[in-house]
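Summary of the model geometry
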Amino acid sequence: MKRLTQHMLFWPAIALALLLVASSLFNPSFLALTWRDGHLYGSVVDILNRAAPLMVVSLGMTLVIAVRGLDISVGAVVAISAAVVALMIGGSFSATGTVQSAHPLWVALTTALAVAAACGLWNGLLVVKAGMQPIVATLILMVAGRGIAQLLTGGQIITVYYPPFFALGNGYLIGLPVALWIAGSLWLALHLVMSRTALGLFVRSIGGNPEAARVAGVRSAAITLCVYTFCGLAAGVAGLIVSSNVKSADANNAGQLLELDAILAVTLGGTALTGGRFTLAGTVIGALIIQTLTSMIYSLGVPPEVNLVVKATLVFAVMLLQSAEFRQLVARAARGSTT
Amino acid sequence: MNDPAIVLRARDISRAFPGVQALSGAELTLRAGEVHALMGQNGAGKSTLIKILTGVYAPDAGSIELLGNAVTPRSPIHAQELGISAVHQESHLLPNLSVAENICAGKYPRRPWTRGGGIDWRETGRRAAELLASLGINLDVAQLAGPLPAALQQLATVARAVSTDARVLILDEPTSSLDADEVQALFALIRRLRDKGVAILFVTHFLDQVYEICDRMTILRNGKFVGEYACAKLDTHGLVAAMVGRELAATTRSTATEPADGNAATPPVLAARNLSRRGQLKPMDVELKRGEVLGLAGLLGSGRTELARLLFALDKRDTGDISIDGKPAKLDHPADALQLGLGFCPEDRKHSGIIADLSVRENIALALQARMGLTKFLTVAEQRQIAGKLVAALGIKTSSIETPIGQLSGGNQQKAIIARWLATHPRVLILDEPTRGIDIAAKQELMNEILDLARGGTAVLFISAEIDEVVRVSDRILVLRDRNKAGELPRGADENAVYELIAASHKA
């Protein structure tokens, strides 16, 4: 039992379970799943689907935080990636009434991802080579990135009419949303890379004690650079999902404040913000907690003007539940009242 | 001889920390218009004594008298109010404030309420300028402190320290980051303050500076008072002997192994030519042969650690070519050094050795894995096997190899870091103060381990502040002084010879 409660994922999982239970109390059909038109329907599937972009971004953020960094530009990179893919696909009605894309779909997707990865590389260079504080280095792209996205779209919302692209954010594969498959395979791939190669050990060493890792011959600079690049790439993937889901690119609002949700998801999942200790599965749970909260608030019919206050209160409660100090305090108080 | 007026007298000061008796029965007497040196090796209790005088720590026992009255400094500010000011190693000016604001910080002159109250900035500038002028420091008080050279900041810090009418001024390693000219400027200021009747306590590891500026010295060893001497009456030999606690006449028998087969034709495993870095090491040549233990002796600040760091590419060298087995080697990053078969156990275990959160197994596997690169992965089972074997071989005491290394005792952490490098089967192993802070038994085991390594063909560079250890394990001893090579001694040289080289510049 003690081993179970000390597991890194124990409290995040409890928090998620409690939220799910609470949701099903308010809405008895919450946990119901039905099979219709060849795929699963239900609130839970909906949450998983909607949480996918946040999961993807948060996975990249987890690694950045694990090497003692931070990337607050991910929201802007989501907007850039969405803008690039929407522009490249374009889409116009041909005379026959079918929709053509301006560039082949795979070219558009690859270009958007390459641009996103370049954004991450830029952040990494500022941190590793120029020695900037991560929060400052990525602040630059956070501000400039949204400007770049607006420049690309000309300040307009660009609508995409090319149906094959919609599969990313709206399609289903073997009964489950494609976006969920993307997030799931990204998690699995990262998990394998971290546990089956030395990268996990190196990342934890750099986060745990950068100087000691350097003395032990770990190429910390190169690894940190890769981690930032990957974080940019992950934000790019999220941008594709988001723009596919809404069938458009909105440079003003795509990925707005996503960086904060991502940091929150990483923290809720149990990764130490001081670097070193990280958990990818925890981050996935953290992203699910946030999305469950959001969905719960909507289904409760909370008026929009108090939405944020309610969300903050719930986040606060979840954080308290996960704080070892707070739990000790409660335990001590409980013991005091019984004696 | 007329004894100048005694300003401060600390008697029988003791202070213990968990597991260490930092000071027991220390004595210190400071006199008006004198510069007094406080000498001792690392861990002798100098810092503790200073912290007691400035109110950072309370002594467990003992008394402090200032101008004949018993005082008990409760905090650095309280000590300052009593008249005891201190300047520490790194200057503590606030970089974003002007020199004047820094000097008057905490005691800004106020405007009368008739003029609106608040701080009188004009008066602040005037007072600061006046203070600097009275000390003969030529410095514009309106400029920001941050961009000033270290030396000027140091002068301003000293000025700030004495601006509170200090009767006692404590200078803790004030010269460690200054070059020769800057040291002279600081000394000029110290002499001026001395002539004004301030009692000055000067702490440094540079022996030549002690003899240049100080009148008397107090020597501590292992927290105990060794004695107070007039500088003119104790030469460097006597000083070094008193610091390390060994009569120069006593010799230790070398227990070093037979020298590894000295085939002159085989090139040295590691050779550095003309290795230097500005402000850290003057150009020097170093060679290490297969199976040899090269001892590196010298006082702190002599360039011991600096040399080791340059060899492992932890710092960038200004000049110098390094060759491995006679072939020029590219060595610009610790990762290069690792690939070339070098290993390095750093002096500061906590800061640059262990990764506290990781397990003993992961800490041991780290360097080997770093050399194998990302793609070739040591499985957890392989890591367990390697770590388990080394833990047993070195007698590392840990409840399990999965225990976070931060929970181990210092000596066991040190052994685990050595195990990290043994796992890579290094051809050259650099050990910087591997025996610091570990108990006698562990030290003995470690020394045996080093000799075993050398027998196995590894070239070992052994750095220690404890000369007897260096003499015991080394086949050859390189003595450094003032960041320069002072000389080289063959196997079997006794401690006297080492001390003589260390002290050579101050033969009385």
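Residues numbered from 1 in each chain as written. Chains lettered and ligands numbered in written order. Predicted model: local features only at pLDDT ≥ 70, side-chain atom pairs only at ≥ 80, totals over all residues.

**A look at the overall build of chain A**
Test applied: For helices the rule is a DSSP run of H or I covering at least 4 residues; for strands it is a run of E covering at least 2, with both sets numbered from the N terminus onward. As defined in this context, the radius of gyration uses C-alpha atoms, and a globule is described by 2.2 Å times the residue total to the power 0.38. C-beta atoms are placed from the backbone for every residue, and two residues are taken to be in contact when these atoms lie within 7 Å.
Within chain A, the secondary structure is distributed over 15 helices and 8 strands. Its C-alpha radius of gyration of 21 Å places chain A within 12% of the 20 Å reference for a compact globule of 339 residues. Oriented by its inertia axes, the alpha-carbon framework of chain A measures out at about 85 × 55 × 40 Å. In chain A, once contacts between residues fewer than 6 apart in sequence are set aside, the share between residues at least 24 apart is 76%.

**A look at the overall build of chain B**
Threshold: With C-beta atoms placed from the backbone, a residue is labelled by how many other C-beta atoms lie within 10 Å of its own: buried for 20 or more, exposed for 12 or fewer, partly exposed between the two.
Across its full length, chain B holds 17 helices and 20 strands. For a compact globule of 508 residues, the expected C-alpha radius of gyration is about 23 Å, and chain B comes in at 26 Å, within 12% of that figure. Along the three orthogonal principal directions, the C-alpha set of chain B runs to about 80 × 55 × 45 Å. Buried residues in chain B amount to 48% of all 508 residues. Here the analysis covers contacts within chain B between residues at least 6 apart in sequence; of these, 69% occur between residues at least 24 apart.

**So, the packing of helix α3 (residues 43–66) of chain A against helix α11 (residues 220–246) of chain A**
Residue and element names in this part refer to chain A. What counts is decided by this rule: Simply put, an axis is a line fit to the C-alpha atoms, just over the touching stretch for a helix, and the angle between two N-to-C directions goes from 0 to 180 degrees. Angle categories: roughly parallel below 35 degrees, roughly antiparallel above 145, roughly perpendicular from 65 to 115, and oblique for all the rest. Side-chain classes are defined by residue name, with Ala, Val, Leu, Ile, Met, Phe, Trp, Tyr, Cys and Pro counting as nonpolar, Asp, Glu, Lys and Arg as charged, and the others, Gly among them, as polar.
Running from amino to carboxyl end, α3 crosses α11 at an angle of 175°, the nearest separation of the two axes being 8 Å. On the basis of their axis angle, the class for α3 and α11 is roughly antiparallel. On the side of α3, the interface is formed by Ala52, Pro53, Val56, Val57, Leu59, Gly60, Met61, Leu63 and Val64, while α11 contributes Val227, Tyr228, Phe230, Cys231, Ala234, Ala235, Val237, Ala238, Ile241 and Val242. Broken down by class, the residue content of the contact of α3 with α11 amounts to 18 nonpolar, 1 polar and no charged.

**What to know about the pairing of strand β14 (residues 319–324) of chain B**
Walk down a regular strand and you will see the side chains alternate between the two sheet faces. All names here are of chain B. Put simply, the rule reads: Note on pairing: DSSP must find at least two bridges between two strands before they are called paired.
As judged from the 5 bridges shared by strand β11 (residues 270–277) and β14, these two strands associate in the antiparallel manner. From the neighbouring strand, Leu270 faces β14, where its bridge partner is Ile324. Where β14 meets strand β15 (residues 327–328), 2 bridges bridge the pair, whose relative direction is antiparallel. Along β15, the bridge assignment pairs Ser323 with Pro328. As consecutive antiparallel partners, β14 and β15 are separated by 2 residues, and within that stretch Asp325 has a phi angle of approximately 55°, a positive value.

**Considering the domain arrangement of chain B**
Residue and element names in this part refer to chain B. Going by this rule: The domain limits used here are those given by an automatic or database domain assignment.
The domain boundaries assigned to chain B delineate domain 1 (6–93 + 164–234), domain 2 (96–147), domain 3 (283–341 + 426–508) and domain 4 (350–425). When each unit is reduced to the centre of its C-alpha atoms, the spacing between domain 3 and domain 4 is 24 Å. The partner domain 4 presents 12 residues to the 12 residues of domain 3 that form the contact. Sorting the residues of the side of domain 3 that touches domain 4 by element identifies α10 (334–339) and α15 (440–455) as the ones contributing at least two each. Partitioned by chemical class, the residues of the side of domain 3 that touches domain 4 number 7 nonpolar, 2 polar and 3 charged.

**Considerations on the packing of helix α4 (residues 74–89) of chain A against α11(A)**
In a pair of packed helices, the angle between the axes and the distance between the axes together describe the arrangement. Residues and elements named next belong to chain A. What counts here: Crossings are assigned a handedness: left-handed for a near helix turned anticlockwise from the far helix by less than a right angle, right-handed for a clockwise turn.
The interhelical angle for the contact between α4 and α11, taken along N-to-C directions, is 55°, at an axis separation of 7 Å. Classified by the angle their axes make, α4 and α11 are oblique. Viewed along their axes, α4 and α11 form a crossing whose handedness is right-handed. Residues Val74, Val77, Val78, Ala79, Ile80, Ser81, Ala82, Val85 and Ala86 of α4 form the contact with α11, whose participating residues are Cys231, Gly232, Ala235, Gly236, Ala238, Gly239, Leu240, Val242 and Ser243. Residues belonging to the contact of α4 with α11 are distributed by class as follows: 13 nonpolar, 5 polar and no charged.

**Observations concerning unusual backbone geometry**
Its identity is not glycine, yet A:Ile174 carries a phi of approximately 45°, on the positive side. Turning to its location among the elements, A:Ile174 is positioned in the loop between β6 (172–173) and β7 (176–177). Phi at B:Ala313 takes a positive value of approximately 60°, unusual for a residue other than glycine. With respect to the helices and strands, B:Ala313 occurs in the loop between α9 (304–311) and β14.

**A word on the interface of chain A and chain B**
With 20 residues of chain A in contact, the opposing surface of chain B contributes 25 residues. At the level of elements, α9 (199–208) and α10 (210–215) of chain A are the ones that each hand at least two residues to the side of chain A that touches chain B. Residue composition of the side of chain A that touches chain B, grouped by class: 8 nonpolar, 6 polar and 6 charged.

**Considering the sheet that holds strand β5 (residues 69–71) of chain B**
Strands belonging to one sheet form pairs held by backbone hydrogen bonds; the direction of such a pair is parallel or antiparallel. Residue and element names in this part refer to chain B. Strand order in the open sheet formed by 4 strands is β2-β1-β4-β5, with antiparallel pairing between adjacent strands. Of all strands in the sheet, those with a lone pairing partner are β2 (20–31) and β5, marking the two edges. Strand-to-strand twist of the sheet, defined as the mean angle between neighbouring strand axes without regard to direction, takes the value 25°.

**Description of helix α6 (residues 180–195) of chain B**
Residues and elements named next belong to chain B. Convention followed: Expected helix span is given by 1.5 Å per residue-to-residue step, counting one fewer step than there are residues. Of all possible arcs, the one meant is that of the directions from the helix axis to the C-beta atoms.
With 16 residues, α6 extends 23 Å between its outermost C-alpha atoms, agreeing within 8% with the 22 Å of an ideal straight helix rising 1.5 Å per residue. Turning to α6, its buried residues number three or more, namely Val183, Leu186, Ile190 and Leu193. Viewed along the axis of α6, the buried residues span an arc of 80°, placing them on a single side of the element. For α6, the exposed residues lying more than 90 degrees away from the buried face are Asp181 and Asp195. Close packing links the buried residues of α6 with β3 (35–39), α5 (150–162), β7 (168–172), β8 (199–203) and α7 (207–213). At the C-terminal side of α6, Gly197 shows a positive phi close to 95°.

**As for the environment of B:Ala26**
All names here are of chain B. Among the secondary structure elements, Ala26 is positioned in strand β2. As a C-alpha pair, Ala26 and Asp172 span 146 residues in sequence and 18 Å in three-dimensional space. In this view, Ala26 contacts Ala10, Ile13, Gly45, Leu49, Leu220 and Phe225; residues no more than four positions away in its chain are not counted.

**Some details on the sheet that holds strand β6 (residues 84–87) of chain B**
Residues and elements named next belong to chain B. What the 6 strands build is an open sheet, ordered β6-β7-β8-β3-β9-β10; its pairing is mixed. In the strand order of this sheet, the two ends are held by β6 and β10 (224–230), each with one partner. Along the sheet, successive strands turn relative to each other by an average axial angle of 20°, direction set aside. Inspection of the sheet shows β3 paired to β8 by 3 bridges, in the parallel sense. Paired with Val35 across the two strands is Ile200, which belongs to β8. In this fold α5 packs onto β6 and β7, with an angle of close to 170° to the strand it touches most, β6.

**A look at the pairing of strand β13 (residues 293–297) of chain B**
Residue and element names in this part refer to chain B. Most of β13 is tucked away: 5 of the 5 residues are buried. Bridge count between β13 and strand β18 (residues 459–463): 4 bridges; the pairing is parallel. Across the sheet, Gly295 pairs through a bridge with Phe462, a residue of β18. Relative to strand β19 (residues 476–481), β13 is paired through 4 bridges, and the arrangement is parallel. Note on β19: the bridge partner recorded for Gly295 is Ile477.

**So, the confidence of the model for chain B**
The condition that has to hold: Scored from 0 to 100, pLDDT reflects the predictor's confidence in each residue.
Put simply, chain B has an average pLDDT of 84, and 92% of its residues get 70 or more. Predicted complex metrics record ipTM = 0.81 and pTM = 0.70.

**A few points about the nonpolar core**
Where a protein is soluble and globular, its nonpolar side chains tend to be buried together. Spelled out, the test is: By definition, a nonpolar core groups buried Ala, Val, Leu, Ile, Met, Phe, Trp, Tyr and Cys residues that are joined through C-beta atoms within 7 Å.
Judged by nonpolar contacts, the single largest core of 258 residues is most densely connected at A:Val56, B:Ile430, B:Phe462 and B:Val498. The greatest single-element share of this core, amounting to 14 residues, is contributed by α3(A). Non-local contacts of B:Phe462, meaning those with residues more than four positions away in its chain, are made with B:Val293, B:Leu294, B:Gly295, B:Leu296, B:Leu431, B:Ile450, B:Val470, B:Val473 and B:Ser474.

**Quick look at the environment of B:Trp421**
Residue and element names in this part refer to chain B. Along the chain, Trp421 falls in helix α14 (residues 410–422). Exposure remark for Trp421: the 24 C-beta atoms within 10 Å place this residue in the buried category. C-alpha of Trp421 to C-alpha of Ser85: the two residues are 336 residues apart in sequence and 45 Å apart in space. Other than its neighbours up to four places away in sequence, Trp421 contacts Gly343, Cys345, Ala367, Pro426 and Leu429.

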